[in-house]
Amino acid sequence: GAAVALALADDGTCSSASIALLGAGPVPARAGGAERVLAGNDPVAVAADAARAAIEGIAPTGDLHGSGEYRRHLIGVLTRRAILEAAGRATEEDA
């Protein structure tokens, strides 16, 4: 899983981002690399890059629900979706 909180500047760029990854290890972890990719950028434009940065260096363990590699892929997909959702909500709040 992924939880994303974004704040946008007046020009639509990301002024702050917090991303937590669930299931990436034994405890929830921050995705600092992804947060840095978002900083100062349009979150929609860099969502895929941020998601790739989020999964760099993580090695989730597999279980009966899926292999570690599958879980890593899924965390990337969920992170990208969560970034897009958070960006949409942040934009709605400004309207």
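Note that the structure is predicted; figures quoted are calculated from it, not measured. (Residues numbered from 1 in each chain as written. Predicted model: local features only at pLDDT ≥ 70, side-chain atom pairs only at ≥ 80, totals over all residues. Heavy atoms only, no water.)

### Concerning the environment of A48
Looking at where A48 falls in the secondary structure, it is placed in helix α2 (residues 47-55). Residue A48 is classed as partly exposed on the basis of its relative accessible area, which comes to 34%. When the C-alpha atoms of A48 and V77 are compared, they prove to be 8.6 Å apart, with 29 residues separating the residues in sequence. (Helix = DSSP H or I, 4+ residues; strand = E, 2+ residues; numbered from the N terminus. Buried < 20%, exposed > 50% of the residue type's maximum accessible area, 1.4 Å probe, protein only.)

### A word on the pairing of strand β2 (residues 14-21)
Pairing geometry for strand β1 (residues 2-8) and β2, over seven bridges, is antiparallel. Looking at the pairing, A7 lines up with S16 of β2. Between β1 and β2, which pair antiparallel and follow one another directly, the connecting turn spans five residues, one of which, G12, has a positive phi of 90 degrees. Across two bridges, β2 lies against strand β3 (residues 29-30) in antiparallel orientation. Residue pairing in the sheet places L21 in a bridge with A29 of β3. (Pairing = 2+ DSSP bridges.)

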